Structures are given as C-alpha cells and as structure tokens.
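Inside the fold
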Amino acid sequence: MFTAKILLLGSGELGKEFVISTKRYGCYVVACDSYANAPAMQVADESEVFSMLDAGALRNAIEKHRPDFIVPEIEAIRTEVLQDFEDKGFTVVPSARAASLTMNRDRIRELAATELGLRTSKYRYAESLEEVREGAEHTGLPCVIKPVMSSSGKGQSTVRTPDQLELAWNDAVANMRGDRKKVIVEEFIAFEYEITLLTIRSREGVSFCEPIGHRQERGDYQESWQPTPMTEKLLDDAKEMARKVVDNLGGYGIFGVEFFVTRDEVVFSELSPRPHDTGLVTLLSQNLSEFDLHARAVLGLPIPQVRLHGPTASAVILADREAERFTIQGLSNALVLGSADADVEVRIFGKPTTRKHRRMGVALASGGTVEEARERARQAASRVQIGYEP
Ligand SMILES: Nc1ncnc2c1ncn2[C@@H]1O[C@H](COP(=O)(O)OP(=O)(O)OP(=O)(O)O)[C@@H](O)[C@H]1O
Ligand SMILES: NCC(=O)N[C@@H]1O[C@H](COP(=O)([O-])[O-])[C@@H](O)[C@H]1O
Ligand SMILES: [Mg+2]
C-alpha cells in the first residue's frame, strides 16, 4: 500500500516540504503539531494535535501509529520518549541521541568543543545573573546570551556593555523553553559571513551541498543564498568538522551545520539534525532539495552527486502583527519577476494565524550572480503582502 509510514513530530514549513518529498516516494505520513491545520498537516495523510513536550501524548501517538520512521521536525520534543522507543526497536531520525543533544545547546556544545575538539566561540554556562557576569568576564564583550533551550533566536541577545547583562538575562529567562533556567554566554564572533553546510549522512556515507550563506536578524534568518564563495581550505575545514559531528551523532538524514567564517578561520556554531530553514533556498537551487535529500537518506535510497543549477537566493515573507483573519496578496506581482533568464518562485506555508515576525512564506529567485538573485528574491518577497482584516 505504501513505501513506509512516517510520524512527523512538528508540522511547520520544513515539515510540509518534507512531507511532499516523501509522498512522492509513496510514503504514508501522520503529521503532528500543537495546533490544528499546521502546514505539513495540509499535505499529510493524517494528523494529530498535541504538544511534542507532552510525554504521554507523544507515547500514545507512537503506539497508535507504530511508524517505520519517527521524524522530528522541531527541537522542542520530549526526547526521553524518543530514546525509549528507539530502545524498543523503532527508528528515530536521525537518532534519539541526535535529537536530545541538539535540543540542548550545552550538550551539543560539550560534544563539539570538548569531545570532538572543534573550534567554537569561547563560552560559559550561567544559571544566575551573577554567573552571567562571570561568564561575560571570561568571554569578554560583546558577548551573546542564549537560553540553552530555545530556537529561532528566542531569548537571545548580544550584549555590548556590562549594564545590558541584566536585561539580557531577564529576556533569556522569559523566553526560554523547557524547565532549565540556564543560558550559554558566548564570545561574539565578528565573522565576515556565516554559512549552513547541508551535510547528508546516508548508507553510502557523508556528502555535502554547496555552502549556503545567510543573513540573520533577531537570531532569525532573513535571506539565504547559494553558493557562497569560500577558499578551498576553509571549506575543507568546515566539511571536516561537519563530518566529525554527524558521524558522532549517527543515523541517516540531512543535517544543517552552522559555521561562522572569519578571515582565516571557520568556527562551529550549532546544527540541526534535520532540514534547515536557510536551506529553503534548495527548493529552487538544486536538482534535489534538502527535503528530497532528507527523504532519500531516511528511506535508504541512493544519494547522487547533488547538482547546483546556479546562483539562487531565498527571502522570507514575514507577518508584522498577530491576526487570525488575513489574506495573502500580490503573488502574481511577485511571480511576474520571473523571466527567460531568471526563475522566481513563491511558497506560501499556509499557517492559520499570524504573529509579529512569523514566517508565512518564502520567495526564491535565481540570477546571473548571487547578488542579482538576492536582489530579485528580496523584491519578490516584498511584493507579497499580508492583508489584515478587522
Ligand atoms: N557567538 C556569536 N557571535 C556572533 N553572532 C552570533 C553568535 N551566536 C549567534 N549569532 C548570530 O545569531 C544567529 C542565531 O544564532 P543561533 O543559530 O545560535 O540561534 P538559534 O536560536 O539556534 O537559531 P536557529 O534555531 O534558527 O538556528 C546566528 O546565525 C548568528 O547570526
Ligand atoms: N529555525 C527553526 C525553523 O525554522 N523551524 C520551522 O519553523 C516551524 C515553526 O514555525 P512557527 O513558529 O511559525 O509555527 C517549524 O515547524 C519548522 O518548520
Ligand atoms: Mg542557528
């Protein structure tokens, strides 16, 4: 009847594209999230609504559906439950350990910096304002303060003067996820640029996509592009570090490995053991998107050499306020930017409500150069508007 049954934990835009890729290979997908009608649910066979942090509900869903693959799509999951089911013989993608380590910044940092010896920023952990001050002494200013459990920049701030430390600590505590009142204080890396190195770990070994450059605001990605010109030496360093981490984490799937690149050095930042938001650009840039590659790696299908079509960029379409009644306008105005020499695409995620800065869609564009592609993608994104209804 179907190739494999997948239980998707988290059903946002990344999950939606992953579901489309797996449906094309004949999978049966049950999409789960904490709210109804989430993007991936709109294209899945079935859906379940519960909090992924609710151990009982998560257990019930796995037992009810008995999937071939449990695929985390978000970070905040009761990972102990994943470990239990993995121990019972279920397959967690890429592995329960990977999900658990990457959900906690301190655990993945310990693995990368201490166990694997990768170059990272200087850091300290802190569980009180007092310890935050000590941490900042160690790293120097500016420094970056992040809750150990959070994503998409939530509760994260860059501190430039000592008097800002208290505000940063309070903000981190107010926006952290989970029950650990703990932050990481990181040395601020004045990087020239930053990249996501999409790294595929499959039965056939480890392979890489061309590095993706990106620009972040408020700790959240605004635009991304491919390729990013890098010297061979720096790219090799990044690949070696990415390989070490994914081989240690184990399992099969795609990983978004994040690096800061300075003049002469690559600094490991963090990684997602799943498709990465900045990798949305691959929906247009490559013969196989990061979602196709994740699907293939998970299902044990062949992974060919990935082909980059040419310079391509993505630019996000954000809401600017909270609303339940809204319309998406201007699609045609955006798509008309496509021509014989340049592709333009828009993906609307179908999220049922908006909130300030919530990502509602993404514009994609190709160009003769990365600069040209970025400009076109930004323009296309700005032409898509959200109409808020009273
Ligand atoms: N130590 C640092 N030095 C300089 N910039 C930093 C540092 N840490 C984070 N940033 C900036 O903030 C961005 C978000 O940081 P990070 O990836 O750690 O947060 P996140 O909440 O895990 O985001 P996501 O879940 O979207 O990946 C980085 O991509 C980078 O632009
Ligand atoms: N950086 C992580 C990331 O991009 N995650 C993506 O955003 C969704 C949540 O969006 P929402 O907060 O708008 O519901 C997640 O489900 C995932 O697809
Ligand atoms: Mg990040």
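Residues numbered from 1 in each chain as written. Chains lettered and ligands numbered in written order. Predicted model: local features only at pLDDT ≥ 70, side-chain atom pairs only at ≥ 80, totals over all residues. Heavy atoms only, no water.

1. Quick notes on helix α2 (residues 55-65)
Each full turn of the α-helix corresponds to 3.6 residues, which orients residues three or four apart in the same direction. Stated formally: The buried label applies to any residue whose accessible area, calculated with a 1.4 Å probe on protein chains only, is under 20% of its type's maximum; exposed applies above 50%, and partly exposed to all values in between. The secondary structure listing takes helices from DSSP runs of H or I that are at least 4 residues long and strands from runs of E that are at least 2 residues long, numbered from the N terminus. For this quantity, the arc is that covered by the directions from the helix axis to the C-beta atoms. Contacts are assigned to residue pairs with any non-hydrogen atoms lying within 4.5 Å of each other. Distance and chemistry together define a polar contact, namely a pair of N or O atoms within 3.5 Å, with one atom able to donate a hydrogen and the other to accept it when in protein, and with adjacent residues in sequence counting only for side-chain atoms on both sides.
Along α2, the positions that sit buried rather than exposed are Leu58, Ala61, Ile62 and His65. Projected onto a plane normal to the axis of α2, the buried residues spread over an arc of 95 degrees and lie on a single side. In α2, those exposed residues whose orientation departs by more than 90 degrees from the buried face are Asn60 and Lys64. In this fold, the buried residues of α2 make contact with β1 (5-9), β2 (28-33), β3 (46-49), β4 (69-72) and α3 (79-87). The backbone nitrogen of glycine 56 has a side-chain oxygen 3.1 Å away, supplied by the residue at the start of α2, namely aspartate 54. Just past α2, the residue arginine 66 takes up positive phi, approximately 40 degrees.

2. With respect to the sheet that holds strand β8 (residues 157-159)
Put simply, the rule is: Only strands that DSSP links by at least two bridges are regarded as paired with each other. Angles shown run from 0 to 180 degrees and are taken between the N-to-C directions of axes, each axis being a line fitted to C-alpha atoms and, for helices, limited to the stretch in contact.
In space, the four strands of this open sheet follow the order β6-β9-β7-β8, with antiparallel pairing throughout. At either margin of the open sheet sits one strand with a lone partner, and together these are β6 (123-126) and β8. Pairwise comparison of adjacent strand axes, ignoring direction, gives a mean angle of 25 degrees for this sheet. Alignment of strand β7 (residues 143-147) against strand β9 (residues 183-187), held across five bridges, turns out to be antiparallel. Its bridge partner being in β9, valine 144 is matched across the sheet by glutamate 186. Strands β6, β7 and β9 of the sheet are contacted by helix α5 (residues 105-115), whose axis makes an angle of about 150 degrees with β6. The strands touched by helix α7 (residues 165-175) are β6, β7, β8 and β9; relative to β7, the strand with the most contacts, the crossing angle is about 25 degrees.

3. Looking at the side chain of arginine 296
The condition is simple: We count Lys and Arg on the positive side and Asp and Glu on the negative side, and we leave His and both chain ends out. Salt bridge criterion: a side-chain nitrogen from Lys or Arg within 4 Å of a carboxyl oxygen from Asp or Glu.
Turning to its location among the elements, arginine 296 is positioned in helix α10 (residues 290-299). Aspartate 292 provides the closest opposite charge to the buried, salt-bridge-free arginine 296, at an N-O distance of 7.0 Å. Ignoring any residue separated from it by four or fewer positions in sequence, one finds arginine 296 in contact with Tyr25, Leu288, Leu301, Pro302, Ile303 and Pro304.

4. Description of the sheet that holds β1
Pairing is parallel across the open sheet formed by five strands, whose spatial order is β3-β2-β1-β4-β5. Unpaired on one side and paired on the other, β3 and β5 (91-92) mark the two borders of the sheet. Pairing between β4 and β5: two bridges, direction parallel. Its bridge partner lying in β5, phenylalanine 69 is registered against threonine 91. Sitting on the sheet, helix α1 (residues 13-24) touches β1, β2 and β4, and the angle it makes with β1 is about 175 degrees.

5. Regarding a negative patch on the surface
Put simply, the rule reads: Patch rule: a residue counts if its relative accessible area is over 30% and it has no salt bridge; like charges are joined within 9 Å, and nonpolar side chains (Val, Leu, Ile, Met, Phe, Trp, Tyr) within 5 Å. To measure how exposed things are, a 1.4 Å probe is used in the Shrake-Rupley method; for residues, cover is taken only from the protein chains shown. To locate a charge, take NZ of a lysine, CZ of an arginine, CG of an aspartate or CD of a glutamate.
Together, Glu127, Glu130, Glu131, Glu134 and Glu137 give the surface a local cluster of negative charge. Summarising the element assignment, glutamate 137 is placed in helix α6 (residues 129-139). Judged by its relative accessible area of 71%, glutamate 137 is exposed.

6. Some thoughts on the UniProt feature "binding site: N(1)-(5-phospho-beta-D-ribosyl)glycinamide" (unreviewed entry) in the protein chain
Threshold: UniProt positions are given in the numbering used here, feature names are shortened, and annotations may be inferred rather than shown by experiment.
In the numbering adopted here, UniProt assigns the feature "binding site: N(1)-(5-phospho-beta-D-ribosyl)glycinamide" (unreviewed entry) to Glu13, Leu14, Glu73, Asp277, Lys351, Arg358 and Arg359. As for its position among the elements, leucine 14 is in helix α1. Among all residues touching leucine 14, those that are not within four sequence positions of it are Glu73, Pro275, His276, Asp277, Leu280 and Phe291. Mapped onto the secondary structure, aspartate 277 falls in the loop between β15 (266-272) and α9 (282-285). By relative accessible area, aspartate 277 is classed as buried at 15%.

7. With respect to the environment of arginine 97
Its place among the elements puts arginine 97 in helix α4 (residues 96-103). As a C-alpha pair, arginine 97 and leucine 284 span 187 residues in sequence and 32 Å in three-dimensional space. Among all residues touching arginine 97, those that are not within four sequence positions of it are Gln83, Leu111, Asn248 and Leu249.

8. Focus: the UniProt feature "binding site: Mg(2+)" (unreviewed entry) in the protein chain
UniProt tags Glu258 and Glu270 as "binding site: Mg(2+)" (unreviewed entry). Tracing the backbone through its elements, the reader meets glutamate 258 in strand β14 (residues 253-261). In contact with glutamate 258, not counting residues within four places along its chain, are Ile195, Thr196, Val267, Phe268, Ser269, Glu270 and His276. Topologically, glutamate 270 is positioned in strand β15. When neighbours within four sequence positions are excluded, glutamate 270 is seen to be in contact with Arg105, Gly256, Val257 and Glu258. Among the polar contacts made by the side chain of glutamate 270, one reaches the side chain of arginine 105 at a distance of 3.2 Å.

9. Structural notes on the coordination of the magnesium ion (ligand 3)
Operational definition: Note that water is not among the atoms considered, so a metal site may appear incomplete; the donors listed are N, O and S atoms within 2.8 Å of the metal, with 3.2 Å applied to Na, K and Ca.
Distances from the magnesium ion (ligand 3) to its protein donors, Glu258 (OE), Glu258 (OE) and Glu270 (OE), fall within 2.1 to 2.5 Å. Taken together, the residues span a long stretch of sequence, with glutamate 258 in strand β14 and glutamate 270 in strand β15 at a distance of twelve residues.

10. Considerations on the site of ligand 1
As a reminder, the rule being used: We call a residue near a molecule or strand as soon as one heavy atom of that residue lies within 4 Å of the molecule or strand.
Not every one of the 19 residues close to ligand 1 is listed here, only the nearest: Lys146, Gly153, Glu186, Glu194 and Glu270. Arginine 105 is positioned such that a nitrogen or oxygen atom in its side chain is 3.0 Å from an oxygen atom of ligand 1. Glutamate 186 places a side-chain nitrogen or oxygen 2.8 Å from a nitrogen atom of ligand 1. Alone, ligand 1 offers 610 Å² of accessible surface; in the complex the protein occludes 93% of this. Contributions of two or more residues to the shell around ligand 1 are made by β7, β9 and β14.

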